[in-house]
Amino acid sequence: MCVRRESNGFQKSLMPIRNDFYYVSGKTGFALEEPLSELPAYFDPWVAILKDADDLLKRHKLRAKVDKLPVLDHWNLNGYKQLRLGRVILCLLTQAYAWQDGDGGIPEFLPECLSIPFHGLSERTGWPPIFTHTDMIANYYKIDPNGPLELSNLRLLYTLVGGRNFHWFFLVSLQVEIVGGTNILPYVPVTQEAILAGDCAALSRALQSIAEGIEMITAVMARTYEECDPEIFYNVFRPFLAGWEKNVFKDGLIYKGVSDKPVKHPGGSAAQSCIIQVCDAILGVEHDEGLHSYLLRMRTYMVPEHKQYVEAVECGPSVRNFGTLLSNHISCIVVESMKAYLRSEQGGQVLYRF
């Protein structure tokens, strides 16, 4: 809940946000820093199928393989990074199982070997058991462990279909989070401190840095075309990214062994990106009611602490309100930051075209 805003537009009772309090990495932002690449051998049955997913899906044999899996005990996963990797594997297996045969061959339910451990990991991590942007930004490794966190040095741990196109599409999304984490997030508390102090010079510098960071993530988004063919995206792997609502899963999907009632979830979406929603929040960008409601719902699919971070920024000192009281020079900086952000949203259309 937001605190009362003073009549002059400031929120004097609020402290600037602390990034570390919300498990935001100084190196990777909202992406998981240094994810694990392997689970204990007990979970090898999951991994074996996923590693062969491309071939199994082409032959429409993956679902039969999954049906033979035992129900593995998710409590054999220990530590946060094991939980995150377990989620990555299960969310991809779940998507492959559900969409193996396309719209014409959807299953009536998710089998217990997937639904029970996936639901358990969902309860332990804090967001629903479905494929999400949040999961995919924990699905990577560095080719050179001592090298930079750049596209040329990053690879996905696990994929489904589409080969390099699949890799590149999700690596671009990961890079957006990393670039935003190192070039935007550090200036969020600085911006709030400047507003609370009424320091226009400091605010001008912070907003200029945020604007530059937004331009940087826009440039990253534009690189999607380099190694991801829109035709391959649309026809080969996009169908595997869908959820179970507003499509052929009219009533949702039953998670057998968890509930007899079908549940509805959207698939992965760029709207689940924390860095994009933080830019909205710090700049005070307002959307129409329909989009606003959708964005709020997408926060359900974020890491809980990251969702809280977005909400804390949203409730914090307002650039938008402060901007109405500023000199023309500082107001121009605010406007330029807004323009940069709008350009980034236009750049985001690159992703939406796929």
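Quick caveat, the model's predicted, so the values are computed rather than measured.

(A) Here's a closer look at the overall build of the protein chain. Tallying secondary structure elements over the protein chain gives 16 helices and four strands in all. Here the protein chain, with 354 residues, has 54% of them falling under the buried criterion. Excluding contacts between residues fewer than 6 apart, the proportion of contacts in the protein chain whose partners are at least 24 apart in sequence is 77%. Carbon and sulfur atoms provide 52% of the accessible area of the protein chain, an area that totals close to 15,800 Å².

(B) Here's a closer look at helix α7 (residues 164-183). For α7, with 20 residues, the first-to-last C-alpha span of 27 Å sits near the 28 Å given by 1.5 Å per residue. Summarising burial for α7: 17 of the 20 residues are buried, a large majority.

(C) Just the environment of Ser122, in detail. With respect to the element layout, Ser122 can be found in helix α5 (residues 112-125). Look at Ser122 and you get buried, because its relative accessible area is 7%. Excluding residues within four positions of it along the chain, Ser122 makes contact with Arg87, Trp127, Pro128 and Pro129. At a separation of 2.5 Å, a polar atom in the side chain of Ser122 contacts the main-chain carbonyl oxygen of Trp127.

(D) Molecular detail of the confidence of the model for the protein chain. Per-residue pLDDT for the protein chain has a mean of 89; in total, 86% of the residues score no lower than 70. Taken together, the stretch residues 1-13 has pLDDT below 50 and engages in 22 contacts with residues farther than four places along the chain or on a different chain. Contacts of residues 350-354 to residues separated by more than four positions or lying in other chains number 16 contacts, the stretch itself having pLDDT below 50.

(E) Helix α14 (residues 304-315), seen in detail. Given a rise of 1.5 Å per residue, twelve residues ought to cover 16 Å, and the 16 Å separating the end C-alpha atoms of α14 matches this to within 8%. Of all the positions in α14, only His306, Tyr309, Val310, Val313 and Cys315 are classed as buried. On the buried face of α14, the contacting elements are α8 (187-197) and α12 (274-283).

(F) Representation of the nonpolar core in the model. Judged by nonpolar contacts, the single largest core of 101 residues is most densely connected at Leu92 and Tyr309. With twelve residues, the top contributor of residues to this core is helix α4 (residues 80-99). For Tyr309, the contacting residues outside a window of four places in its chain are Ile17, Asn19, Tyr22, Val24, Phe30, Leu185, Val188 and Val278.

(G) Focus on the environment of Asn183. Mapped onto the elements of the fold, Asn183 is located in helix α7. Judged by relative accessible area, Asn183 falls into the partly exposed class, the value being 23%. Residues Asn183 and Lys27 lie 156 residues apart in sequence; the distance between their C-alpha atoms is 10.0 Å. If we ignore the near neighbours within four places in the chain, the residues touching Asn183 are Ser209, Gly213 and Met216.

(H) Region of interest: the environment of Leu92. With respect to the helices, strands and loops of the structure, Leu92 is situated in helix α4. Sequence separation between Leu92 and Asp135 is 43 residues, and the spatial gap between their C-alpha atoms is 9.4 Å.

(I) Examining unusual backbone geometry more closely. Despite not being glycine, Tyr23 shows a phi value in the positive range, around 60°. Within the element layout of this structure, Tyr23 appears in the segment before α1 (44-51). With a relative accessible area of 61%, Tyr23 lands in the exposed category. Backbone geometry places His60, a non-glycine residue, at a positive phi of 55°. Relative to the assigned elements, His60 resides in the loop between α2 (53-58) and α3 (62-67).

(J) Quick peek at the packing of aromatic side chains. A complete count under the given rule lists 14 aromatic pairs for this structure. Seen in terms of ring centroids, Phe30 and Tyr309 are 5.5 Å apart; in terms of plane orientation they differ by 75°. Their pairing is edge-to-face. Taken together, the residues Phe30 in the segment before α1 and Tyr309 in helix α14 connect sequence positions 279 residues apart. Judged by relative accessible area, which is 3%, Phe30 ranks as buried. Site record: aromatic cluster; members linked through ring pairs are Phe131, Phe166, Phe169, Phe170, Phe233 and Phe237.

Cut-offs used in this document
- Residues numbered from 1 in each chain as written.
- Predicted model: local features only at pLDDT ≥ 70, side-chain atom pairs only at ≥ 80, totals over all residues.
- Heavy atoms only, no water.
- Helix = DSSP H or I, 4+ residues; strand = E, 2+ residues; numbered from the N terminus.
- Buried < 20%, exposed > 50% of the residue type's maximum accessible area, 1.4 Å probe, protein only.
- Contact = heavy atoms within 4.5 Å.
- Areas by Shrake-Rupley, 256 points an atom, 1.4 Å probe, with all protein chains shown as cover.
- Expected span 1.5 Å × (residues − 1).
- Polar contact = N/O pair within 3.5 Å; in protein donor to acceptor, adjacent residues only side chain to side chain.
- pLDDT = per-residue confidence, 0-100.
- Core = buried A, V, L, I, M, F, W, Y, C linked by side-chain atoms within 4.5 Å.
- Phe/Tyr/Trp six-rings, centres within 6.5 Å; stacked < 30°, edge-to-face > 60°.

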